[in-house]
Amino acid sequence: MSDALDIPGWKHVYSGKVRDLYVPAETPDGAEAPSMLVVASDRVSAFDVVLSPGIPGKGELLTALSLWWFDQLAGADGGESVPNHLAGEPLPGEVEGRAMIVRSLDMLPVECVVRGYLTGSGWSEYVKHGTVCGIALPAGLRNGDRLPEPIYTPAYKAPLGEHDENITYAQTIDLVGADRAAQLRDRSLEIYRRAAAAAEAKGLILADTKFEFGVDDDGVLRLADEVLTSDSSRYWDAEAWQTGATPSERMASFDKQIVRDWLAAHWDKQGEPPALPAEIIERTVARYRELLERLTV
Ligand code: ATP
Ligand code: MG
């Protein structure tokens with residue numbers, strides 16, 4: 001699944017489901033490099049598998065959205081600055097527009113999920129048990145309803161090829177220690193609230209999102225990976241949410257839900273997933289583009 005490229009000055013070291021990582025070419029094999037080049041590909045994953053074909057333009061759209069949010073959260077929105085992993089100007093050339101130079105951080109193995117609304121796997125669990133990731137919620141909520149308060153529902157970031165799994169807050173303490181666990185939770189909830197308010201001002205609902213954090217050599221916690229993109233978050237149209245009659249009208253998605261819904265209806269999660277039809281690809285990229293425009297323009 002790697003699309004490793006020949007990028008002058010950099011060598012390929014790792015490919016995740018969506019991003020390819022490079023280190024400076026002079027880095028000895030196996031050694032740590034202080035900085036990395038993260039290139040967002042057009043690959044799309046759902047249910048932890050990479051689908052084909054990719055979505056043309058997706059890498060650029062995700063990178064533009066991440067960079068915009070990093071900038072907002074660094075204080076462009078007038079708020080306090082959240083330390084992040086950016087470490088230089090993006091490159092011109094083949095990967096222009098879809099690459100970021102970042103500090104190599106010691107990544108924490110926790111996916112910091114925050115949910116302000118009830119849907120997806122949270123909704124499925126709520127229907128069965130009245131809880132989301134073990135957190136009890138009031139009775140009578142519908143799919144897509146706003147939660148009384150945003151909740152933090154961490155997951156263990158499984159190694160490549162394995163599925164991430166929800167974990168309790170106590171398990172995050174076992175993984176990263178009590179102080180770091182509390183910092184992850186508090187920072188995640190803070191960023192969610194700030195971003196959800198910014199989205200709301202643009203007529204958008206930030207239903208849920210996932211952050212990844214890493215620690216630098218000085219022990220500073222930094223927001224890493226992608227942030228508040230349509231891959232890592234669910235965004236809905238606020239007006240449709242208010243007036244829509246059915247769950248799909250209420251949750252008019254600007255995100256990967258279009259792909260998830262199509263796949264859920266056409267694949268039983270056994271064997272190779274079917275190829276994405278052109279219509280789904282076009283609709284997804286159009287919605288990703290619309291989200292970027294509505295948020296940033
Ligand atoms: P996986 O790591 O399981 O492949 P993924 O499919 O989400 O997960 P991608 O998002 O495609 O992976 O790849 C990005 C990878 O780079 C992730 O493993 C992420 O944790 C890592 N990463 C992001 N930012 C940094 C950083 N500043 N320092 C070190 N690693 C980073
Ligand atoms: Mg990722």
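Quick notes on the rules
- Residues numbered from 1 in each chain as written.
- Chains lettered and ligands numbered in written order.
- Predicted model: local features only at pLDDT ≥ 70, side-chain atom pairs only at ≥ 80, totals over all residues.
- Heavy atoms only, no water.
- UniProt positions renumbered as here; feature names shortened; annotations may be inferred.
- Near = heavy atom within 4 Å.
- Polar contact = N/O pair within 3.5 Å; in protein donor to acceptor, adjacent residues only side chain to side chain.
- Areas by Shrake-Rupley, 256 points an atom, 1.4 Å probe, with all protein chains shown as cover.
- Helix = DSSP H or I, 4+ residues; strand = E, 2+ residues; numbered from the N terminus.
- Nonpolar A, V, L, I, M, F, W, Y, C, P; charged D, E, K, R; others polar.
- Buried < 20%, exposed > 50% of the residue type's maximum accessible area, 1.4 Å probe, protein only.
- Pairing = 2+ DSSP bridges.

Labelled according to an unreviewed UniProt entry, the protein appears under the name Phosphoribosylaminoimidazole-succinocarboxamide synthase, originating from Microbacterium gilvum. UniProt, in its Pathway (unreviewed entry) section for the protein, records the words "Purine metabolism; IMP biosynthesis via de novo pathway; 5-amino-1-(5-phospho-D-ribosyl)imidazole-4-carboxamide from 5-amino-1-(5-phospho-D-ribosyl)imidazole-4-carboxylate: step 1/2." Per UniProt, the protein carries the Catalytic activity (unreviewed entry) text "5-amino-1-(5-phospho-D-ribosyl)imidazole-4-carboxylate + L-aspartate + ATP = (2S)-2-[5-amino-1-(5-phospho-beta-D-ribosyl)imidazole-4-carboxamido]succinate + ADP + phosphate + 2 H(+)".

For the rest of this paragraph, the subject is the site of ligand 1. Lining the immediate surroundings of ligand 1 are 19 residues, of which Tyr14, Val18, Arg19, Arg103 and Glu212 lie closest. Within the backbone of arginine 103, an N or O atom sits 2.9 Å from a nitrogen atom of ligand 1. The protein chains hide 91% of the 600 Å² of surface that ligand 1 would expose on its own. Elements supplying a minimum of two residues to the shell around ligand 1: strand 2 (19-24) and strand 6 (99-103). Taken together, the residues that form the shell around ligand 1 break down as 10 nonpolar, three polar and six charged.

Here we take up unusual backbone geometry. Here the amide bond leading from serine 52 into proline 53 is cis, since omega sits at -5°, within 30 degrees of zero. Among the structural elements, proline 53 can be located in the loop between strand 5 (49-51) and helix 1 (58-76). Positive phi, close to 65°, is recorded for aspartate 48, a residue that is not glycine. Note on placement: aspartate 48 falls in the loop between strand 4 (44-46) and strand 5. When its relative accessible area of 28% is taken as the criterion, aspartate 48 is described as partly exposed. In this structure, aspartate 225 is a non-glycine residue whose phi angle is positive, near 55°. A relative accessible area of 19% means that aspartate 225 is categorised as buried.

Before going further, it helps to spend a moment on the pairing of strand 3 (residues 35-40). The element strand 3 is largely enclosed, with a buried count of six among its six residues. Residues Ser35, Leu37 and Val39 point to one face of strand 3 and Met36, Val38 and Ala40 to the other, with burial holding for every one of them. In this sheet, strand 3 lies alongside strand 2 in antiparallel orientation, the contact comprising four bridges. Paired with leucine 21 across the strands is valine 38, a residue of strand 3. Note: strand 3 against strand 6, five bridges, orientation antiparallel. Directly across from valine 39, in strand 6, lies its bridge partner alanine 99.

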